[in-house]
Protein chains: 2
Amino acid sequence: MRFHRHACITRDGGLTHERRRIVNAIPTVYDVAERSGVSIATVSRVYRSPDSVRAATRERVLAAASELGYVPSGNARGLASRSTGVLGLCFPDYSDPDTVGAEDDDAAMLYSDQIIRGMERAARRHGYALLIAASLAGGPESLVAQVAGRVDGFAVMARTVPTEELEAISRRRPVVMLAGPRAQDPSLDHLDHVEVANEDGQYELTRHLVHDHGLRRLAYVGFGEDSPDVEARFRGFRRACAEAGVEAAAAPALRMPMMTQAEGARAARLLCERSGDRPEAFVFANDQMAVGALQALERRGLRVPDDVVVTGFDGIPLSRLVRPALTTVRQPMVRMGEEAVDLLVRRLSGQPPQEPVSLMLPVGVARRASCGCEETPVLPTVG
Amino acid sequence: MRFHRHACITRDGGLTHERRRIVNAIPTVYDVAERSGVSIATVSRVYRSPDSVRAATRERVLAAASELGYVPSGNARGLASRSTGVLGLCFPDYSDPDTVGAEDDDAAMLYSDQIIRGMERAARRHGYALLIAASLAGGPESLVAQVAGRVDGFAVMARTVPTEELEAISRRRPVVMLAGPRAQDPSLDHLDHVEVANEDGQYELTRHLVHDHGLRRLAYVGFGEDSPDVEARFRGFRRACAEAGVEAAAAPALRMPMMTQAEGARAARLLCERSGDRPEAFVFANDQMAVGALQALERRGLRVPDDVVVTGFDGIPLSRLVRPALTTVRQPMVRMGEEAVDLLVRRLSGQPPQEPVSLMLPVGVARRASCGCEETPVLPTVG
DNA sequence: CATGTCGATGAAAGCGCATTCACATTAGGG
DNA sequence: CCCTAATGTGAATGCGCTTTCATCGACATG
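Residues numbered from 1 in each chain as written. Chains lettered and ligands numbered in written order. Predicted model: local features only at pLDDT ≥ 70, side-chain atom pairs only at ≥ 80, totals over all residues. Heavy atoms only, no water.

**Thoughts on the overall build of chain A**
For chain A, the count of helices and strands is 14 helices and 12 strands. Of the contacts formed within chain A by residues at least 6 apart in sequence, a portion of 66% connects residues at least 24 apart. (Helix = DSSP H or I, 4+ residues; strand = E, 2+ residues; numbered from the N terminus. Contact = heavy atoms within 4.5 Å.)

As structure tokens, then:
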């Protein structure tokens, strides 16, 4: 309707863009078109398919655009073309605003940092940018409004957004769940999933302790109330124990409320003070707690791995740097982000809709000093 | 022109949205409006200003939206309201796609990770989401198209996008330069800047070595060809030397091509093998090289800090974990991201346009074992 | 010379929403 | 019970772009 060149009779004189040019506003295709003596269609073509425009014309347009400081509006472009060229990621808000500066949650953040890195890299390869948002204080409503409405598809880290909400959104655009298991009832969960082999990883690690080191009395230490990750890892632990004929309780020996180093240290003390024989190995559900335990054990004068073996899970950088270096299960977090993007891109590339995908990424056991597999040099070997 | 209810005569019957509903397309305000028996204006109001809609009406609309899986289009919203609610960050592409999995560039990436974290956190506080993009292979053109056109304002890490281009864009929307000095000719640089006090930090650190530890023969090791950061740090080094009457060459003792640990190790070897007295202290322009040097010195049987002092710059987590822990200058990278967002938000909040701002964030010297200020416990104290 | 072909350009329409009026409805005041 | 003032809702318009579709030349072909 711009300029109302056809038969319609309207109120305003169609001076909109003439008016806009007078104030110092953001230049649009109209300004560039006028300045270079072409139509807006040609300006658009210069950006969308440069080869379809004669070279001389193209130069004129680009010159005008440059003089005006013209940048195409992503909103308008997205609206007209029905796609944004942006993928999204929603992750939980680890950083409590009160603890700014505390480096305590560093490891937890590393998790999302790595996923961000992987997604950004893969998205870029496919020509997408990445929009990130931690879960907002304003509740999931705003999260969805902020992200879901602005992207062609997005990934969500587990337990960031309610499942029902994701279901509704995923009816209309691709959504990938990161590090969260598929819902029990598959009819309620049509998302794609990318997980790591928590159970298999813990199984392998446990098997190594039992089989290669001959350990029999193992204590598993979990965290959180109902973390699916911890549950899966514990299942792997039990499976390995069962296969080797080692007795293992039906529940973790300890279940700490949080996944911090402090809690790990506390867990180590509790296990040492319990009546009966001290376990030969402390199997922790993550690295942070295991590191805390290393410190607590050192303080008690217990040597790792000679007096007690300690293992972790995640493979955070710190796990390699502590002394003794921590035997753990390495999670491919960067790759997780990359796989998520690949899934999204596949869904977006006009393939016929398929069944929901569940990717289970393999993990690797890092056998290091804390189980007795390596010497303990004084200086970390880095890089 | 939708439905063409006014006097215009047009070709199509305005069936657009009826048609769309039949295919399984993304629902729009029109679908929600129809389903809940209101106009699209009311649907819009339900999201933009819920209080202006009667409660009963609001519930009807929300119910319809939920049934349809409606998510407001960020593009349309942005186009109509002339803002996106998104801030951007462009950072250099550290990750060479060939070295995926190599953890060598970890520390360099940590730098951008932390800035991302800071920006995301601050952006969220102000109700913005964050769009991130590393510099694209397709050249800066696509970077700008991807980011600049989609955000209300953005930050750029130094040497990611050519200055002229930033100048053009910044005429129309706020742009903040991160960790890059203002151009020599201020008339060519109207960006806001956020920097860290590189010079002062290196000055303080050097002063500490000279003044508190009585060192006189210091060797400065830089990297890169023309890194402004390294230059600033070296200026601080020289200033401290000059004030203390310690002789310092006009140029760094060594200037390695890259900022890696391997180069740091090589630098340490070169300095040890040079003719003449070995310097008492190796002052590195970043932590990674310093860590590499620690390893090389250990291999040569030289004790740090007893035989030679080593210092770094940046305060990466690794600096605290190596043995001996590295004396270094801590950069407030998270805060840098936060300050950048604050600057952007301030410019966006309709303030009268002001002069370009240059923020110089203070740094802190971390005095640790590698200069002789701390004991060296076997196990890193973490958290 | 008429005709067909192809490349370059312009005209027009619409993407999904916010927003401005105008209008309808209801509540308050006399 | 009428008039005015809120209050709630609808019609219409444009945000800046992409994308047909039509047009217009410039040529090559018969």
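**Describing the environment of proline 332 of chain A**
Within the secondary structure layout, proline 332 of chain A lies in the loop between strand 10 (328–330) and helix 14 (333–348). Excluding its chain neighbours within four sequence positions, the residues that come into contact with proline 332 of chain A are Val196, Leu361, Pro362 and Val363 of chain A.

**Focus on the pairing of strand 8 (residues 281–284) of chain A**
All names here are of chain A. Taking every second residue as pointing to the same face, both faces of strand 8 are buried, with Ala281 and Val283 on one and Phe282 and Phe284 on the other. Here four bridges tie strand 6 (residues 218–223) to strand 8, and the two strands are oriented parallel to one another. Of the residues in strand 8, the one forming a bridge with alanine 219 is phenylalanine 282. Bridge analysis of strand 8 against strand 9 (residues 309–311) gives three bridges, and the strand direction is parallel. Looking at strand 9, one finds that phenylalanine 282 is bridged to valine 310. Handedness of the crossover joining strand 8 and strand 9 through helix 12 (residues 287–299) is recorded here as right-handed. (Buried < 20%, exposed > 50% of the residue type's maximum accessible area, 1.4 Å probe, protein only. Pairing = 2+ DSSP bridges. Right-handed = clockwise from strand over helix to strand, strands pointing away.)

**Examining the sheet that holds strand 6 (residues 218–223) of chain B**
Residue and element names in this part refer to chain B. Taken together, the four strands give an open sheet; going across it, the order is 7-6-8-9, and neighbouring strands pair in parallel fashion. Sheet topology places strand 7 (254–256) and strand 9 (309–311) at the edges, where each strand pairs with a single neighbour. Strand-to-strand, the axes of this sheet are offset by a mean angle of 20 degrees, without reference to chain direction. Pairing analysis gives three bridges linking strand 6 to strand 7, with the strands arranged parallel. (Axes fitted to C-alpha atoms, helices over the stretch in contact; angles between N-to-C directions.)

**A look at the sheet that holds strand 9 of chain A**
Two pairing modes exist for strands in a sheet, parallel and antiparallel, and in both the strands are linked by backbone hydrogen bonds. Residues and elements named next belong to chain A. As summarised here, the arrangement of the four strands in space is 7-6-8-9, forming an open sheet in which the pairing is parallel. Two strands lie at the open edges of the sheet, namely strand 7 (254–256) and strand 9, each paired on one side alone. Across the sheet, the mean angle from the axis of one strand to that of its neighbour is 20 degrees, orientation sign disregarded. Most of the contacts of helix 11 (residues 261–273) go to strand 7, to which it runs at about 155 degrees, and overall it touches strand 6, strand 7 and strand 8.

**Here we look at the environment of serine 52 of chain B**
By the element assignment, serine 52 of chain B lies in the loop between helix 3 (40–48) and helix 4 (55–68). As a C-alpha pair, serine 52 of chain B and threonine 42 of chain B span 10 residues in sequence and 9.2 Å in three-dimensional space.

**Here's the deal with the pattern of salt bridges**
Residues and elements named next belong to chain A. Within this structure, the stated rule accounts for 41 salt bridges over all chains. Across the pair arginine 235 and glutamate 199 runs a salt bridge, and its minimum N-O distance is 3.2 Å. Residue arginine 235 is located in helix 10 (residues 228–244), and its partner glutamate 199 is located in helix 9 (residues 198–212); the two are separated by 36 residues in the primary sequence. Since its relative accessible area comes to 46%, arginine 235 is described here as partly exposed. Residue classification places glutamate 199 among the partly exposed residues on the basis of a relative accessible area of 23%. In this structure, arginine 300 and glutamate 273 form a salt bridge, with 3.3 Å as the shortest nitrogen-oxygen distance. Residue arginine 300 is found in the loop between helix 12 and strand 9, and its partner glutamate 273 is found in helix 11; the two are separated by 27 residues along the sequence. (Salt bridge = Lys/Arg side-chain N within 4 Å of Asp/Glu carboxyl O.)

**A short note on unusual backbone geometry**
The omega angle of the peptide bond from valine 304 of chain A to proline 305 of chain A is 10 degrees, so this bond is cis rather than trans. Residue placement: proline 305 of chain A occurs in the loop between helix 12 and strand 9. One non-glycine residue, alanine 179 of chain A, lies in positive phi territory at about 60 degrees. By the element assignment, alanine 179 of chain A lies in the loop between strand 4 (175–178) and strand 5 (192–196). Of note in this structure, arginine 159 of chain B is not a glycine but carries a positive phi near 60 degrees.

**Points about helix 11 of chain A**
Since the α-helix advances by 3.6 residues per turn, residues separated by three or four positions end up pointing in the same direction. Residue and element names in this part refer to chain A. Helix length check: helix 11, at 13 residues, gives a terminal C-alpha distance of 19 Å against a target of 18 Å (1.5 Å per residue), a fit within 8%. Those residues of helix 11 not exposed but buried are Gln261, Glu263, Gly264, Ala265, Ala267, Ala268, Leu271 and Cys272. Against strand 6, strand 7, strand 8, helix 12 and helix 13 (317–321) lie the buried residues of helix 11. (Expected span 1.5 Å × (residues − 1).)

**Some thoughts on the packing of aromatic side chains**
Residue and element names in this part refer to chain A. What the rule picks out here adds up to 10 aromatic pairs over all chains. Centre to centre, the rings of tyrosine 220 and phenylalanine 234 are 5.1 Å apart; their planes meet at 55 degrees, and the pair counts as tilted. Linking tyrosine 220 in strand 6 with phenylalanine 234 in helix 10, this pair joins segments that are 14 residues apart in sequence. Note on tyrosine 220: relative accessible area 1%, which makes it buried. Directly above the ring of tyrosine 203 sits arginine 239, whose terminal nitrogen or CZ lies 4.2 Å from the centroid. (Phe/Tyr/Trp six-rings, centres within 6.5 Å; stacked < 30°, edge-to-face > 60°. Lys NZ or Arg CZ within 6 Å of the ring centre and 35° of its normal.)

**Focus on the packing of helix 2 (residues 29–36) of chain B against helix 4 of chain B**
All names here are of chain B. In the contact formed by helix 2 and helix 4, the axes pass within 9 Å of each other and the chain directions differ by 125 degrees. In this view, helix 2 runs oblique relative to helix 4, as classed from their interaxial angle. Note on packing geometry: the crossing formed by helix 2 with helix 4 is right-handed. Contact with helix 2, carried on its side by Asp31, Val32, Arg35 and Ser36, involves Arg60, Val61, Ala64, Ala65, Glu67 and Leu68 of helix 4 and no other residues of that element. A class-by-class count of the residues in the contact of helix 2 with helix 4 yields five nonpolar, one polar and four charged. (Parallel < 35°, antiparallel > 145°, perpendicular 65-115°, else oblique. Left-handed = near helix turned anticlockwise from the far one by under 90°. Nonpolar A, V, L, I, M, F, W, Y, C, P; charged D, E, K, R; others polar.)

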